[in-house]
Amino acid sequence: MSRLAWALAATGWAMAAAALAAAGRARRTAETDPLTGLPNRRGLARAWQRARGDASLHFLDLSGFRAVNGAHGHAVGDRVLAEVARRLAAALPAGAMLARHGGDEFVVLAPPEADPAPALAAALAAPVRLPDGGSVTLGLWLGAAPAGSGSLERALAAAVADMRRRRLAASAPVQAA
(Lines give C-alpha, C1' and ligand atoms only; values in the text may rest on other atoms or scores of the structure.)
Protein backbone atom coordinates (compact mmCIF):
# COMPACT_ATOMS: atom_id res chain seq x y z
CA MET A 1 0.00 0.00 0.00
CA SER A 2 1.33 3.43 -0.91
CA ARG A 3 1.90 6.24 1.53
CA LEU A 4 -1.06 8.07 0.06
CA ALA A 5 -3.31 5.06 0.57
CA TRP A 6 -2.10 4.74 4.17
CA ALA A 7 -2.69 8.44 4.78
CA LEU A 8 -6.20 8.21 3.35
CA ALA A 9 -6.96 5.11 5.41
CA ALA A 10 -5.65 6.78 8.58
CA THR A 11 -7.72 9.88 7.86
CA GLY A 12 -10.80 7.72 7.35
CA TRP A 13 -10.20 5.92 10.65
CA ALA A 14 -9.67 9.21 12.45
CA MET A 15 -12.89 10.61 10.99
CA ALA A 16 -14.80 7.46 11.96
CA ALA A 17 -13.40 7.60 15.50
CA ALA A 18 -14.36 11.27 15.80
CA ALA A 19 -17.88 10.51 14.55
CA LEU A 20 -18.25 7.67 17.08
CA ALA A 21 -17.02 9.92 19.88
CA ALA A 22 -19.47 12.65 18.85
CA ALA A 23 -22.31 10.13 18.77
CA GLY A 24 -21.37 8.94 22.26
CA ARG A 25 -21.32 12.52 23.57
CA ALA A 26 -24.70 13.21 21.97
CA ARG A 27 -26.19 10.06 23.55
CA ARG A 28 -24.80 10.98 26.99
CA THR A 29 -26.19 14.51 26.63
CA ALA A 30 -29.61 13.16 25.63
CA GLU A 31 -29.60 10.80 28.64
CA THR A 32 -28.40 13.28 31.28
CA ASP A 33 -30.34 15.83 33.29
CA PRO A 34 -28.52 19.15 32.76
CA LEU A 35 -29.35 20.51 36.24
CA THR A 36 -28.16 17.60 38.37
CA GLY A 37 -25.85 15.69 36.02
CA LEU A 38 -27.85 12.54 36.85
CA PRO A 39 -29.35 10.24 34.27
CA ASN A 40 -32.73 11.51 33.10
CA ARG A 41 -35.72 9.35 32.09
CA ARG A 42 -33.93 8.23 28.91
CA GLY A 43 -30.87 7.31 30.94
CA LEU A 44 -33.07 5.48 33.41
CA ALA A 45 -34.69 3.50 30.59
CA ARG A 46 -31.27 2.53 29.24
CA ALA A 47 -30.10 1.41 32.70
CA TRP A 48 -33.33 -0.59 33.17
CA GLN A 49 -32.69 -2.36 29.86
CA ARG A 50 -29.12 -3.18 30.92
CA ALA A 51 -30.41 -4.56 34.25
CA ARG A 52 -33.01 -6.61 32.35
CA GLY A 53 -35.51 -5.93 35.14
CA ASP A 54 -33.21 -7.50 37.73
CA ALA A 55 -33.20 -4.41 39.94
CA SER A 56 -35.54 -2.99 42.51
CA LEU A 57 -36.94 0.40 41.62
CA HIS A 58 -37.48 3.08 44.27
CA PHE A 59 -39.48 6.23 43.49
CA LEU A 60 -38.66 9.33 45.57
CA ASP A 61 -40.67 12.52 45.83
CA LEU A 62 -39.23 15.36 47.92
CA SER A 63 -41.35 16.79 50.69
CA GLY A 64 -41.11 20.51 51.29
CA PHE A 65 -39.45 21.39 48.03
CA ARG A 66 -42.30 23.26 46.37
CA ALA A 67 -42.19 25.79 49.20
CA VAL A 68 -38.54 26.51 48.33
CA ASN A 69 -39.46 27.45 44.77
CA GLY A 70 -42.43 29.46 45.99
CA ALA A 71 -40.52 31.42 48.62
CA HIS A 72 -37.08 31.74 47.01
CA GLY A 73 -37.62 31.34 43.26
CA HIS A 74 -36.61 28.71 40.75
CA ALA A 75 -32.91 29.63 40.66
CA VAL A 76 -32.59 28.83 44.38
CA GLY A 77 -34.79 25.76 43.87
CA ASP A 78 -32.41 24.56 41.18
CA ARG A 79 -29.45 24.94 43.53
CA VAL A 80 -31.31 23.01 46.22
CA LEU A 81 -32.19 20.23 43.75
CA ALA A 82 -28.56 19.96 42.66
CA GLU A 83 -27.43 19.66 46.31
CA VAL A 84 -30.14 17.10 47.08
CA ALA A 85 -29.11 15.07 44.02
CA ARG A 86 -25.47 15.14 45.15
CA ARG A 87 -26.40 13.96 48.66
CA LEU A 88 -28.75 11.22 47.47
CA ALA A 89 -26.24 9.90 44.91
CA ALA A 90 -23.49 9.80 47.56
CA ALA A 91 -25.74 7.80 49.90
CA LEU A 92 -26.56 5.01 47.47
CA PRO A 93 -25.47 1.45 48.14
CA ALA A 94 -22.93 -0.16 45.82
CA GLY A 95 -24.41 -1.05 42.45
CA ALA A 96 -27.31 1.43 42.72
CA MET A 97 -28.06 4.32 40.38
CA LEU A 98 -29.97 7.56 40.95
CA ALA A 99 -31.88 9.25 38.12
CA ARG A 100 -33.89 12.44 38.04
CA HIS A 101 -37.38 11.59 36.88
CA GLY A 102 -38.51 15.21 36.70
CA GLY A 103 -39.26 18.14 38.97
CA ASP A 104 -38.51 17.03 42.52
CA GLU A 105 -38.86 13.31 41.74
CA PHE A 106 -36.00 10.84 41.61
CA VAL A 107 -35.71 7.13 40.89
CA VAL A 108 -33.20 4.66 42.30
CA LEU A 109 -32.35 1.39 40.58
CA ALA A 110 -30.77 -0.86 43.17
CA PRO A 111 -29.67 -4.46 43.45
CA PRO A 112 -32.66 -6.62 44.41
CA GLU A 113 -31.42 -7.21 47.97
CA ALA A 114 -30.58 -3.56 48.72
CA ASP A 115 -32.84 -1.22 50.69
CA PRO A 116 -31.60 2.31 50.04
CA ALA A 117 -34.41 4.01 52.03
CA PRO A 118 -32.55 4.49 55.36
CA ALA A 119 -29.44 5.90 53.67
CA LEU A 120 -31.50 8.19 51.45
CA ALA A 121 -33.44 9.55 54.43
CA ALA A 122 -30.19 10.09 56.34
CA ALA A 123 -28.77 11.99 53.36
CA LEU A 124 -31.53 14.56 53.79
CA ALA A 125 -31.40 14.74 57.60
CA ALA A 126 -29.14 17.79 57.60
CA PRO A 127 -30.71 21.04 56.40
CA VAL A 128 -29.81 22.31 52.95
CA ARG A 129 -28.20 25.75 53.06
CA LEU A 130 -29.79 28.47 50.97
CA PRO A 131 -27.81 31.25 49.26
CA ASP A 132 -29.31 33.87 51.61
CA GLY A 133 -27.84 32.07 54.64
CA GLY A 134 -31.06 30.36 55.62
CA SER A 135 -31.71 26.67 55.35
CA VAL A 136 -34.47 24.23 54.57
CA THR A 137 -35.04 20.70 55.80
CA LEU A 138 -36.58 18.41 53.23
CA GLY A 139 -38.13 15.00 53.64
CA LEU A 140 -38.92 12.39 51.08
CA TRP A 141 -41.72 10.06 50.20
CA LEU A 142 -40.59 6.64 48.99
CA GLY A 143 -42.24 3.84 47.13
CA ALA A 144 -40.67 0.64 45.85
CA ALA A 145 -41.22 -2.01 43.22
CA PRO A 146 -39.33 -5.29 43.61
CA ALA A 147 -37.04 -6.78 41.01
CA GLY A 148 -38.92 -8.67 38.34
CA SER A 149 -41.73 -6.10 38.16
CA GLY A 150 -41.81 -6.28 34.39
CA SER A 151 -41.34 -3.28 32.16
CA LEU A 152 -39.98 0.01 33.42
CA GLU A 153 -43.45 1.53 33.08
CA ARG A 154 -44.96 -1.21 35.25
CA ALA A 155 -42.22 -0.91 37.85
CA LEU A 156 -42.63 2.89 37.98
CA ALA A 157 -46.40 2.58 38.30
CA ALA A 158 -46.00 0.04 41.12
CA ALA A 159 -43.45 2.21 42.95
CA VAL A 160 -45.61 5.34 42.61
CA ALA A 161 -48.66 3.42 43.87
CA ASP A 162 -46.60 2.13 46.83
CA MET A 163 -45.45 5.68 47.60
CA ARG A 164 -49.04 6.95 47.52
CA ARG A 165 -50.16 4.14 49.85
CA ARG A 166 -47.38 5.02 52.28
CA ARG A 167 -48.23 8.70 52.03
CA LEU A 168 -51.86 8.03 52.92
CA ALA A 169 -50.85 5.78 55.83
CA ALA A 170 -48.31 8.21 57.31
CA SER A 171 -48.59 11.76 58.43
CA ALA A 172 -44.94 12.64 57.77
CA PRO A 173 -42.37 11.80 55.10
CA VAL A 174 -39.49 9.38 55.72
CA GLN A 175 -36.96 10.86 58.12
CA ALA A 176 -33.61 9.61 59.33
CA ALA A 177 -33.76 7.58 62.53
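Provided above is the structure to which this section pertains.
The rules we used
Residues numbered from 1 in each chain as written. Predicted model: local features only at pLDDT ≥ 70, side-chain atom pairs only at ≥ 80, totals over all residues. Heavy atoms only, no water. Buried < 20%, exposed > 50% of the residue type's maximum accessible area, 1.4 Å probe, protein only. Helix = DSSP H or I, 4+ residues; strand = E, 2+ residues; numbered from the N terminus. Pairing = 2+ DSSP bridges. Polar contact = N/O pair within 3.5 Å; in protein donor to acceptor, adjacent residues only side chain to side chain. Contact = heavy atoms within 4.5 Å. Core = buried A, V, L, I, M, F, W, Y, C linked by side-chain atoms within 4.5 Å. Axes fitted to C-alpha atoms, helices over the stretch in contact; angles between N-to-C directions. Salt bridge = Lys/Arg side-chain N within 4 Å of Asp/Glu carboxyl O. Arc of directions from axis to C-beta.

Go over the pairing of strand β2 (residues 97–102) with me, naming the residues and quoting the values.
In terms of residue burial, β2 counts as a mostly covered element, since five of its six residues are buried. Hairpin geometry of β2 and strand β3 (residues 105–110) is characterised by an intervening segment of two residues between the two adjacent antiparallel strands and by a positive phi of about 55 degrees at G103.

Tell me about the side chain of S149, and name the residues and values.
Tracing the chain through its elements places S149 in the loop between β6 (139–145) and α6 (152–169). Polar contacts involving the side chain of S149 include one to the main-chain carbonyl oxygen of P146, which spans 2.4 Å. Those residues in contact with S149 that lie beyond four places of it in its chain are R154 and A155.

Residue-level account of the nonpolar core, with values.
If you look at the biggest cluster of nonpolar residues, it comprises 27 residues, and the most contacted ones within it are L60, L62, V80, V84, L88, F106 and V108. Elements that contribute at least two residues to this core include exactly β1 (56–63), α3 (65–72), α4 (74–91), β3, α5 (117–123) and β6. Sorting elements by how many residues they give to this core places α4 first, with six residues. Those residues in contact with L62, other than ones at most four positions away along the chain, are L81, V84, D104, F106, L124, L138, G139 and L140. Counting residues in each nonpolar core, the second largest holds 17 residues, with M97, L156, V160 and M163 among its members.

Describe the sheet that holds β1, naming the residues involved and giving the relevant values.
One open sheet accounts for four strands, arranged β2-β3-β1-β6; its pairing is antiparallel. Edge positions in the sheet fall to β2 and β6, since each of these pairs with one other strand and no more. When the angles between neighbouring strand axes are averaged without regard to direction, this sheet yields 25 degrees. Bridge analysis of β1 against β3 gives six bridges, and the strand direction is antiparallel. Following the sheet pairing, F59 is matched in β3 by V107.

Tell me about the side chain of D104, and please be specific about residues and values.
Counting through the fold element by element, D104 comes out in the loop between β2 and β3. D104 gets classed as buried once you look at its relative accessible area, which sits at 4%. Other than its neighbours up to four places away in sequence, D104 contacts L60, D61, L62, F65, R66 and L81.

Could you give an account of the pairing of β6, with specific residues and numbers?
Extensive coverage of β6 is indicated by the burial of six of its seven residues. When β1 meets β6, the two strands line up antiparallel, connected through seven bridges. The residue bridging L62 from the neighbouring strand is L140, located in β6.

Which residues make up the pattern of salt bridges, and what values go with them?
Applying the stated criterion across every chain yields a total of eight salt bridges. D33 serves as the salt-bridge partner of R100, at 3.1 Å between the closest nitrogen and oxygen. Here the residue R100 occupies a position in strand β2, and D33 occupies one in the loop between α1 (3–30) and α2 (41–51), the gap between them amounting to 67 residues. Exposure class is identical for R100 and D33. Each is buried. Notably, a salt bridge pairs D162 with R166, separated by 2.9 Å at the nearest N-O pair.

Break down the environment of A170 for me, citing the residues and quoting the values.
Looking at where A170 falls in the secondary structure, it is placed in the segment after α6. Residue classification places A170 among the partly exposed positions, given a relative accessible area of 36%. Sequence-wise, A170 and W141 are 29 residues apart; in three dimensions their C-alpha atoms are separated by 9.9 Å.

Please give an account of α2 that cites residues and values.
For α2, the complete set of buried residues consists of G43, L44, A47 and W48. Across the axial projection of α2, the buried residues extend over an arc of 140 degrees, all falling on one side. Summarising the geometry of α2, the exposed residues directed more than 90 degrees from the buried face are R42 and Q49. Buried residues in α2 make contact with β1, β2, β3 and α6. Looking at where α2 begins, the residue whose side-chain oxygen comes 2.9 Å from the main-chain nitrogen of R42 is N40. Positioned one or two residues after α2, R52 has a phi angle of 55 degrees, which is positive.

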